[in-house]
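What follows is the residue order along each chain.
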Amino acid sequence: TTWLPVPFHIVKSKVTCHGTARVQDKENVKENLTPISHGGAKRPRANSAEEALRTKQEEERQALLERQENARCDVCEAVLAASHLDVSAIDLASLQQARDNVLSALNAAREVALPRAELWLAQRQRRRLHNAIQDRKGRLRVCCRVRPLSDTERRLHDPEVLRIVDDSHIELLSQSGTAGFEFNGVFGPECSQDVSEEIFQDSRDLAQSAVDGHNVTVFTYGQTGAGKTYTMFGNEQEDGLVQALIRELFDRVAGYCDENQENCPNVVVTGSALELYNNHLVDLLRPVDHRGRQTPGLKVCSDAQGAVEIEGMAQIIARSPDELLAILRQGLSQRTVAQHALNIESSRSHLIFTVKLAHLSSDGKTTGISKLTFCDLGGCERLKRTQVVGELQKEAIEINKSLTALGDVIEAVAGQRKHVPYRNHKLTQLLRDAVGGTAKVLMYVCCSPAKSCATESAAALKLASRAKGVANQRLVPEEGTSD
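Residues numbered from 1 in each chain as written. Predicted model: local features only at pLDDT ≥ 70, side-chain atom pairs only at ≥ 80, totals over all residues. Heavy atoms only, no water.

With that out of the way, let us pick up the pairing of strand β19 (residues 366–376). The pairing of strand β10 (residues 216–222) with β19 spans five bridges and is classified as parallel. Looking across to β19, one finds that Thr217 is bridged to Thr373. In this sheet, β19 lies alongside strand β18 (residues 350–360) in antiparallel orientation, the contact comprising 10 bridges. The residue of β19 that forms the bridge with Val355 is Leu372. Turn length for the β18-β19 hairpin, with the two strands adjacent in sequence and antiparallel, is five residues, and the turn residue Gly364 shows positive phi of about 85 degrees. (Pairing = 2+ DSSP bridges. Helix = DSSP H or I, 4+ residues; strand = E, 2+ residues; numbered from the N terminus.)

For the rest of this paragraph, the subject is the nonpolar core. Formed by 51 residues in total, the largest nonpolar core has its most connected members in Cys144, Phe183, Tyr221, Leu377 and Met443. Of all the elements, helix α11 (residues 390–414) adds the most residues to this core, at seven residues. In terms of nonpolar packing, the next biggest core, distinct from the first, is built from 40 residues, Ala207, Leu245, Val269 and Leu328 among them. (Core = buried A, V, L, I, M, F, W, Y, C linked by side-chain atoms within 4.5 Å. Buried < 20%, exposed > 50% of the residue type's maximum accessible area, 1.4 Å probe, protein only.)

The next thing to look at is helix α3 (residues 120–137). Between its first and last C-alpha atoms α3 spans 26 Å; for 18 residues at 1.5 Å apiece the expected length is 26 Å, and the two agree. Turning to α3, its buried residues are Ala122, Gln123, Gln125, Arg126, Leu129, His130, Ala132, Ile133 and Gln134. (Expected span 1.5 Å × (residues − 1).)

Attention now moves to the packing of aromatic side chains. Taken as a whole, this structure holds two aromatic pairs when the rule is applied. With centroids separated by 6.4 Å and ring planes inclined at 5 degrees, the aromatic side chains of Phe181 and Phe183 adopt a geometry described as stacked. The class of Phe181 is buried, set by a relative accessible area of 9%. Accessibility expressed as a relative area gives 3% for Phe183, which makes it buried. Positioned above the aromatic ring of Tyr422 is the side chain of Arg432, whose terminal nitrogen or guanidinium carbon lies 5.0 Å from the ring centre. (Phe/Tyr/Trp six-rings, centres within 6.5 Å; stacked < 30°, edge-to-face > 60°. Lys NZ or Arg CZ within 6 Å of the ring centre and 35° of its normal.)

So, on to the sheet that holds strand β6 (residues 162–166). Strand order in the open sheet formed by three strands is β6-β7-β8, and the pairing between neighbours is antiparallel. Here the strands that pair on one side only, and so sit at the sheet edges, are β6 and β8 (177–182). Neighbour to neighbour, the strand axes of the sheet diverge by 25 degrees on average, direction disregarded. Pairing of β6 with strand β7 (residues 169–174), which is carried by four bridges, proceeds in the antiparallel orientation. The residue of β7 that forms the bridge with Leu162 is Leu172. Across the sheet, helix α13 (residues 454–467) is in contact with β6, β7 and β8; its angle to β8 comes to roughly 40 degrees. (Axes fitted to C-alpha atoms, helices over the stretch in contact; angles between N-to-C directions. Contact = heavy atoms within 4.5 Å.)

A word on the pattern of salt bridges. This model, assessed by the stated rule, comprises 16 salt bridges. Arg147 is paired through a salt bridge with Glu153; the nearest N and O atoms lie 2.9 Å apart. Each member of the pair, Arg147 as well as Glu153, is classed as buried. Residue Glu248 is joined to Arg252 by a salt bridge in which the shortest nitrogen-to-oxygen separation is 2.8 Å. One end of the pair is Glu248 and the other is Arg252, both in helix α8 (residues 241–259) and four residues apart, which spans about a single turn. Here the residues in one salt-bridge network are Arg99, Asp100, Asp205, Glu248 and Arg252, joined through shared partners. (Salt bridge = Lys/Arg side-chain N within 4 Å of Asp/Glu carboxyl O.)

Take Ala71: it is sitting in helix α1 (residues 48–83). For Ala71, a relative accessible area of 5% translates into the label buried. For the pair formed by Ala71 and Val112, sequence separation is 41 residues and the distance between their alpha carbons is 7.7 Å. If we ignore the near neighbours within four places in the chain, the residues touching Ala71 are Ala108, Ala109, Val112 and Leu114.

Inspection of the secondary structure puts Ser402 in helix α11. A residue is classified by how much of its surface remains accessible, and Ser402, at 1% relative accessible area, is buried.

This brings us to the environment of Leu276. Relative to the helices and strands, Leu276 is located in strand β11 (residues 266–277). Once residues lying within four places of it in the same chain are set aside, the contact partners of Leu276 are Leu281, Ser349, His350, His425, Lys426, Leu427 and Leu430.

Position of His130 among the secondary structure elements: in helix α3. A polar contact of 3.0 Å, which involves the side chain of His130, links it to the side chain of Ser209. Not counting residues within four places of it along the chain, the set of residues in contact with His130 comprises Arg99, Asp205, Gln208, Ser209 and Asp212. (Polar contact = N/O pair within 3.5 Å; in protein donor to acceptor, adjacent residues only side chain to side chain.)

Looking at the chain, the pLDDT average stands at 79 and 79% of residues meet or exceed 70. Predicted confidence for residues 1–39 stays below pLDDT 50, and this span has 65 contacts to residues more than four positions away or in other chains. With pLDDT under 50 throughout, residues 338–346 is counted as low confidence; its partners more than four residues away or in other chains account for 27 contacts. (pLDDT = per-residue confidence, 0-100.)

This paragraph deals with unusual backbone geometry. Phi at His157 is positive, roughly 55 degrees, even though this residue is not glycine. Along the chain, His157 turns up in the loop between α4 (151–155) and β6. We classify His157 as exposed; its relative accessible area is 70%. Its identity as a non-glycine residue notwithstanding, Gln416 has a phi of 55 degrees, on the positive side. Here Gln416 lies in the loop between α11 and α12 (426–430).

Written out as structure tokens, the structure is:
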């Protein structure tokens, strides 16, 4: 008599999205062993430990197959639901819910190691929904951040004239009345710089947009001493938006390469740092001569899609967030700063830090290029209040002139005028694809709540409010945009 196993007894079954039966429970193998006589000598029973191990392995294999089938069904359902959505007709909340459903299904599928070939439709729907969400929010989104009163303002009992109504509305109080402003987000003095808090949460999706192939620009605007550089770059103790988005970017790049390993196994990331000082372009990653100039000089131009490019600028490859942050620190260390009555470390220039992503195919060919640009604008200032003279006064006048040019561009684009004066200043040439151009943009207007700064705060809030009306679009570059 020989002992042979009898097939598992199926107690339950369930029809999957492919119409196949799925085993959900079975009796113990040992209880299904039946002696069958073959007229020969008895074969000894298998070792109980080995049998138990094989049984456990088979149960684990069946459990994995079941989880994979469940994940496969969830992916099918999420893709089917997303594909039926008219992204131009449904509300933002429904778009976000559909994207989250696709993301959840994709994450569950990866956990059970479903083949990539089965997930490409879901990945395409995820990108489609994500892009629709960013477009629905407005390609140029504007947020407002109000800093706390400074020690000097507190000592002088300078009253607060900015009142935050809710997370999207702010009011400016004055003798002539109350002016209200609405933005995509409003962050008060109590809002932490911690990147896990709401400020970073509002901008983290922009990293995904850059990985998906879109140009993205984040810039800060406001008077001197309002917290622009702190919001963008942080300080020695706390990170800013740039550091947080750089880490998020590399996480998304890793996910992108994992999703598209067969078609795009590599994404090359480079960093560059540029300063616009007294209307001169300075590459902060290259040495300068005794006059602060560089040879060869830099040129502002546009590519065939209208995206701004800087000819002659150094671009350094970064293989990790730490390497890219080191490039950033190198650039920041060369930036021109000075002290005046309102700010002990005032930026005397506009700084632009650009992260470029080159998507490579398996044979090393470039299949696409996108960029994530961070622009920390120098602060507008009244000479009477900052009390600067000499070279600092010249710097302040040049900064104010450039910001006036930016305001004119925003006014023209928001008003849908036929002529937009990008050529009036190098700053507006640099931001041509950010304001009315091809990039997805997030603008932070930074303000002081103090009454002594009410005039500057009013000007900044009004310009930011006009910027909300800017609808970016694909542009064909003008001839001769090099400068």
